[in-house]
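The chain contents come next:
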Amino acid sequence: QVQLVESGGGSVHAGGSLRLSCAASGRTYSAYGMGWFREAPGKEREFVAAILWSTGSTYYADSVKGRFTISRDNAENTVYLQMNSLKPEDTAVYYCAARKPVVGARIRDAYDSWGQGTQVTVSS
């Protein structure tokens, strides 16, 4: 099992930036990659971005492409999500997750460990 702790959420105005961090501990060697998902009130949890530990290959949802950047620090077992040009529709609880060695970076079922979530609020 991989333990994940997110941090860095907060409240910003539209156009602002935030950087989320996700620190992994425990059986980190079992994680194939990491992903960020978000869940807005009344909506399904949706994919935001993902990265592979080994190659650093990245994947993004169309809604955040060009605004968000996912990165990782293998030595620190930490993944980051830099969020720029934030919009009110980015408001959600953001979760990081550890991915199993299966296909489907954008699919919830490809992930088997989840953090507790961090709130991001963007006001207009």
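See the structure printed just above.
Residues numbered from 1 in each chain as written. Predicted model: local features only at pLDDT ≥ 70, side-chain atom pairs only at ≥ 80, totals over all residues. Heavy atoms only, no water.

**Quick look at the overall build of the protein chain**
Phase 1 of the analysis: Assigned secondary structure in the protein chain consists of zero helices and 11 strands.
Phase 2 of the analysis: When the helices and strands of the protein chain are listed from N to C terminus, the series reads β-β-β-β-β-β-β-β-β-β-β.
Phase 3 of the analysis: Over its C-alpha atoms the protein chain spans a radius of gyration of 13 Å, differing by no more than 12% from the 14 Å that the globule rule assigns to 124 residues.
Phase 4 of the analysis: When the backbone C-alpha atoms are referred to their principal axes, the protein chain occupies close to 40 × 25 × 25 Å.
Phase 5 of the analysis: Classification of the 124 residues of the protein chain by burial places 45% in the buried group.
Phase 6 of the analysis: Considering only contacts within the protein chain whose residues lie at least 6 apart along the sequence, 56% involve residues at least 24 apart.
Phase 7 of the analysis: Accessible surface, the protein chain as shown: approximately 6200 Å² in total, 48% of it carbon and sulfur.
Phase 8 of the analysis: Placing the 13 positive and 11 negative side-chain charges of the protein chain at their respective mean positions leaves the two points 3 Å apart. (Helix = DSSP H or I, 4+ residues; strand = E, 2+ residues; numbered from the N terminus. Rg over C-alpha atoms; globule rule 2.2 N^0.38 Å. Buried < 20%, exposed > 50% of the residue type's maximum accessible area, 1.4 Å probe, protein only. Contact = heavy atoms within 4.5 Å. Areas by Shrake-Rupley, 256 points an atom, 1.4 Å probe, with all protein chains shown as cover. Lys, Arg positive; Asp, Glu negative; His and termini not counted. Charge placed at Lys NZ, Arg CZ, Asp CG, Glu CD.)

**What about the nonpolar core?**
One recurring pattern in soluble globular proteins is that nonpolar side chains are buried together.
Phase 1 of the analysis: Residues Trp36, Leu81, Met83 and Tyr94 are the most contacted members of the largest nonpolar core, which totals 36 residues.
Phase 2 of the analysis: Counting residues per element, the ones that place at least two in this core are strand E1 (2-7), strand E3 (18-26), strand E4 (33-39), strand E5 (46-52), strand E7 (68-73), strand E8 (78-83), strand E9 (92-99) and strand E11 (118-123).
Phase 3 of the analysis: Once residues within four sequence positions are removed from consideration, methionine 83 is found in contact with Gly16, Ser17, Leu18, Leu20, Arg67, Phe68, Tyr94 and Val120. (Core = buried A, V, L, I, M, F, W, Y, C linked by side-chain atoms within 4.5 Å.)

**Quick look at the sheet that holds E3**
Phase 1 of the analysis: The strand order across the open sheet formed by four strands is E1-E3-E8-E7, and the pairing between neighbours is antiparallel. Where the open sheet ends on each side, the last strands, each with one partner, are E1 and E7. Across the sheet, the axes of successive neighbouring strands diverge by a mean angle of 20 degrees, strand direction being ignored.
Phase 2 of the analysis: Bridge analysis of E7 against E8 gives six bridges, and the strand direction is antiparallel. (Pairing = 2+ DSSP bridges. Axes fitted to C-alpha atoms, helices over the stretch in contact; angles between N-to-C directions.)

**Side note on the side chain of serine 113**
Phase 1 of the analysis: The topology assignment puts serine 113 in strand E10 (residues 111-114).
Phase 2 of the analysis: Contacts of serine 113, omitting those with residues within four sequence positions, involve Gln1, Val2, Leu4, Cys96, Ala97 and Ala98.

**Concerning the packing of aromatic side chains**
Phase 1 of the analysis: Counted by the stated rule, this structure contains four aromatic pairs.
Phase 2 of the analysis: Between the aromatic rings of phenylalanine 37 and phenylalanine 47, the centroid separation amounts to 5.7 Å while the plane-to-plane angle is 75 degrees, which identifies the pairing as edge-to-face. With phenylalanine 37 in strand E4 and phenylalanine 47 in strand E5, the pair connects residues that are 10 residues apart, well separated along the chain.
Phase 3 of the analysis: Accessibility expressed as a relative area gives 0% for phenylalanine 37, which makes it buried.
Phase 4 of the analysis: Ring geometry for tyrosine 111 versus tryptophan 114: centroids 6.1 Å apart, planes at 55 degrees, classification tilted.
Phase 5 of the analysis: Given a relative accessible area of 28%, tryptophan 114 falls into the partly exposed group.
Phase 6 of the analysis: An aromatic cluster is built from Phe37, Phe47, Tyr111 and Trp114, whose rings are joined through pairwise contacts.
Phase 7 of the analysis: Above the face of the tryptophan 114 ring, arginine 45 is positioned so that its terminal group lies 5.0 Å from the ring centre.
Phase 8 of the analysis: For arginine 108, the ring lying beneath its charged end belongs to tryptophan 114, and the centroid distance is 5.9 Å. (Phe/Tyr/Trp six-rings, centres within 6.5 Å; stacked < 30°, edge-to-face > 60°. Lys NZ or Arg CZ within 6 Å of the ring centre and 35° of its normal.)

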